[in-house]
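Chains, contacts and geometry: an overview
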Amino acid sequence: MEIKKELGKRLKQSRKDAHFTQKQVAEMLHMTQQQYSRFENGVFELNYSQIVFLCKLYDISADELFDLKSY
């Protein structure tokens, strides 16, 4: 499967595990819920600062977020 789609699935699961809505996370990232949704759907790529923010918010490492152990 495409890397962006896999990353999106992990973002979605991490968000749910942390008990946040897309709208809540989007507001923290200063964007709309629709824009954040595109990350979880594998349409848009995250930038470095967004990756760092989400890893801290969801209390996960970048290795976990990107599933680097599988490579």
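Everything below is about the structure printed above this text.
The present account deals with the structure reproduced in this document. All figures in this text were calculated on a predicted structure; none of them were measured in a lab.

With that settled, the discussion passes to the environment of Leu11. Tracing the sequence through the fold places Leu11 in helix H1 (residues 3-17). We classify Leu11 as buried; its relative accessible area is 0%. Linking Leu11 and Phe66, residues 55 residues apart in sequence, is a C-alpha distance of 9.4 Å. Excluding residues within four positions of it along the chain, Leu11 makes contact with Tyr36, Phe39, Glu40, Leu46, Leu54, Tyr58 and Leu65.

Our next topic: the pattern of salt bridges. This structure, assessed with the given rule, holds two salt bridges. Residue Arg10 is joined to Glu6 by a salt bridge in which the shortest nitrogen-to-oxygen separation is 3.7 Å. Here the residue Arg10 and the residue Glu6 both occupy positions in helix H1, the gap between them amounting to four residues, near one helical turn. Judged by its relative accessible area of 19%, Arg10 is buried. On the accessibility criterion, Glu6 (27% relative accessible area) is partly exposed. With a shortest N-O distance of 2.6 Å, Arg15 and Glu40 are connected by a salt bridge. A residue pair is termed long-range when its members are at least 10 positions apart, and Arg15 in helix H1 and Glu40 in helix H3 (residues 33-40) qualify at 25 residues. Comparing Arg15 with Glu40, the two get one shared label, buried.

Quick notes on the rules
- Residues numbered from 1 in each chain as written.
- Predicted model: local features only at pLDDT ≥ 70, side-chain atom pairs only at ≥ 80, totals over all residues.
- Heavy atoms only, no water.
- Helix = DSSP H or I, 4+ residues; strand = E, 2+ residues; numbered from the N terminus.
- Buried < 20%, exposed > 50% of the residue type's maximum accessible area, 1.4 Å probe, protein only.
- Contact = heavy atoms within 4.5 Å.
- Salt bridge = Lys/Arg side-chain N within 4 Å of Asp/Glu carboxyl O.

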